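Structural characterization, general
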Amino acid sequence: MRLHEKGVYLVDGSILVEDTPEAAVVLKSKTGEEVTREQAKTQTIAYHILKAHNTSGNMDQLQIKFDKLTSHDITFVGIIQTARASGLEKFPIPYVLTNCHNSLCAVGGTINEDDHMFGLSCAKRYGGIYVPPHQAVIHQFAREMLAGGGKMILGSDSHTRYGALGTMAMGEGGPELVKQLLNQTYDINMPEIVGVYLTGSPQMGVGPQDVAIAIIKEVFANGFVKNKVMEFTGPGVENLSVDFRIGIDVMTTETTCLSSIWQTDDKVKEFYDIHGRKEEYAELNPGKVAYYDGMIELDLSTVKPMIAMPFHPSNAYTIEELNANLMDILEDCEKKAQVSFNGAVNLNLREKVRNGRLYVDQGIIAGCAGGGFENICDAADILDGASIGADEFTLSVYPASMPVYMELVRNGAAAKIMASGGIMKTAFCGPCFGAGDTPANNGFSIRHSTRNFPNREGSKVQSGQIASVALMDARSIAATAASKGYLTPATDLDVTFTNPAYYFDKTIYDNRVFDSHGVADPAVEIKMGPNIKDWPVMSPLTDHLLLKVVSEIHDPVTTTDELIPSGETSSYRSNPLGLAEFTLSRKDPAYVGRAKEVQKAEIAREQGGQPYDALPELKDVVDVILKQFPDANEKNTGIGSTIFAVKPGDGSAREQAASCQKVLGGWANIAHEYATKRYRSNLINWGMLPFLIPEGELPFANGDYLFIPEIRRAVMDKAADISVYVIKNQTLKEFHMTLGEMTDDEREIILKGCLINYNRK
């Protein structure tokens, strides 16, 4: 793999010309024409799609309107509740509500099923589409029923990626979907476009997850594609099936890119034909000369079976490399666990080594990444006539939709897996975020799913339990299962893959999916279970702010899972106050208590009382402030909390990573850098200031108070530099922060306190 950090021209889809001083001469010799960089920038697939959806008239500052929206049952309740509070009367574009995250309804089941009934009633009232639990995971349904060539889809899940089908899709926090429901726009500067130029063909036994992990390994840490669009081109594309392309595409989220798009061909056309939607196909290719801001060159034939070790998809090795350096790599993972969990528990991976081989406890093939038809068929061929054994190792397979499951039953693949000892389960995203197949303490699971962050498999450090996940492709997971749990790359086996044809049976959806066909029925009463709560009232930004730092995180990257855990919290996603109790519970269990103490003072202030009575320590702090800022008082100075993290927001798009802090009285985050655009957008949409301080600087500590005078004026005036004072030793010590670039609408949202206030009628 080669990364071109400078710009690259792609000529006729097959010739790469680096952007050097000699490029103009080279381009003219190959095309016979003068070609400028600005002209070539308009010739990418991404540019054409963005232009078609931009309403601003300015391709430098985009205001995008999407064709369709999609959400699942961890996010759609909050989104619709927010939109309802802002005057929603009808879904203006197709909006699909899937139920693939809170699907399990055993303990606390009425809470989850109440969310489902809320979704069904809203689909009827506002004119949407409702997909019942276990029918399809969100992204598979979108591939089968929503995607279209040249279209754009916005989803409230970070893995909203349908680029392989010619659809530019983006995963964002719920408030960005609220804006679309209210006929507002998705506002971004024109993103950079990075080409991914593929050549060659994958080796037998290498699957899409292997290619995806190899790419993530090269581009995550260096931010090569962060907040950019990845555009896949080159002669290698035609050597990949559509399922294979989809498997790579969905994992582009883990590179931190904004979106993805692929050139399309007859194989994509056939995909749409199979799904009865041939009219949605569009041939997409770059123009004669297209300019990319960077380029990734990858010869697919060089990719070997990969494994992403705990605790990130970029912590990757070839399986061959892992087996050759087994004890050293396992020890390194154990050390990372000590740092990540602050020494609270001990992860012991080296005890998994038996007779010089790594024994794993569990294999999972699931969800939007692993549950595709070809992945499972290939796994079934590997397991045909094999046994997974009667020891600790278990294997679970979750097809991504009921139509996929039906075809696996019809062609015998499901029977092969079950005969080997594997378990076939229904369409469910749980294994990806800790709500299904949680391993035993110190268990080690290999999964063809999307993420392997700390505790994402469902273990609880606060209860003394730890397990871990490595990401692998379905083929090597099946090879490991056939080896009875001993880690084995699929390329080590001599297998004949049957490659059965896929037949899509739409009658399953016809019989179970509710589709309003865009017709709203205002007479339908929304079903509100007792756990579904409205958002609490949120105050506008005050003239000045007094913030207490209540958590300080120095990990290189902080994931949204660490900000608000997945898994056991899912049943509270519709209850803002209930869910907020879990904020930072795995990373900083004292956070909630500290934040609530500060919030008491703000509540007293808003009610016209004396903040000191609620939080006595404020008296000395305020006395120091008044010496230099005598006009500050309880009427013009908001009191709240903030956290510092080096680089927060990697991972999930779910808005609760920000809204839970807001519900607990948070006014801001402070960071050296934000890991993703979507997390920063979530902060802004919930009225939280996304402060930045230079890398290496940290003039305050956990427990310190920060006074920010004239912050409201600074936001209004678009101030580039903001003066902040840390109160220490009865003195004010000044330092400076910035807010980064914000649109006028984003500033107005901050000033009004949140998106709900901004839109409230």
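Structure: see above.
To start, this report covers the structure provided alongside it. (Residues numbered from 1 in each chain as written. Predicted model: local features only at pLDDT ≥ 70, side-chain atom pairs only at ≥ 80, totals over all residues. Heavy atoms only, no water.)

Describing the packing of aromatic side chains
Tallied over the full model, the rule gives 18 aromatic pairs. Judged by centre distance (4.1 Å) and plane angle (5°), the rings of Phe-232 and Trp-262 are stacked. With a gap of 30 residues between them, Phe-232 in strand E12 (residues 229-233) and Trp-262 in strand E13 (residues 259-262) connect regions that are remote in the sequence. You can call Phe-232 buried: its relative accessible area is 1%. Summarising the aromatic geometry, the rings of Phe-373 and Tyr-502 are spaced 4.8 Å apart at their centres and angled 50° between planes, so their arrangement reads as tilted. Taken as a pair, Phe-373 in helix H14 (residues 373-383) and Tyr-502 in the loop between helix H18 (474-482) and helix H19 (507-512) lie far apart in primary sequence, 129 residues in all. Cluster of aromatic residues (ring-pair linked, three or more members): Phe-91, Tyr-95 and Tyr-126. (Phe/Tyr/Trp six-rings, centres within 6.5 Å; stacked < 30°, edge-to-face > 60°. Helix = DSSP H or I, 4+ residues; strand = E, 2+ residues; numbered from the N terminus. Buried < 20%, exposed > 50% of the residue type's maximum accessible area, 1.4 Å probe, protein only.)

A few points about the packing of helix H7 (residues 174-181) against helix H26 (residues 677-685)
At a minimum axis distance of 8 Å, the contact between H7 and H26 shows a crossing angle of 70°. Judged by the inter-axis angle, H7 sits roughly perpendicular to H26. Counted together, Gly-174, Pro-175, Glu-176 and Lys-179 of H7 and Ser-681, Asn-682 and Asn-685 of H26 form the full contact between these two elements. Taken together, the residues of the contact of H7 with H26 sort by class into 1 nonpolar, 4 polar and 2 charged. (Axes fitted to C-alpha atoms, helices over the stretch in contact; angles between N-to-C directions. Parallel < 35°, antiparallel > 145°, perpendicular 65-115°, else oblique. Contact = heavy atoms within 4.5 Å. Nonpolar A, V, L, I, M, F, W, Y, C, P; charged D, E, K, R; others polar.)

Observations regarding the sheet that holds E12
Judged by pairing direction, the sheet is mixed, and its 5 strands sit side by side in the order E1-E15-E11-E12-E13 without closing on themselves. Only two strands of the sheet have a single neighbouring strand rather than two, namely strand E1 (2-4) and E13. Between one strand axis and the next, the sheet turns through 20° on average, direction left out of account. As defined by bridge partners, strand E11 (residues 193-199) adjoins strand E15 (residues 294-299) across 6 bridges and the pair is classed as parallel. Note on E15: the bridge partner recorded for Thr-199 is Asp-299. (Pairing = 2+ DSSP bridges.)

Geometric descriptors of this kind do not, in isolation, establish any biological role.
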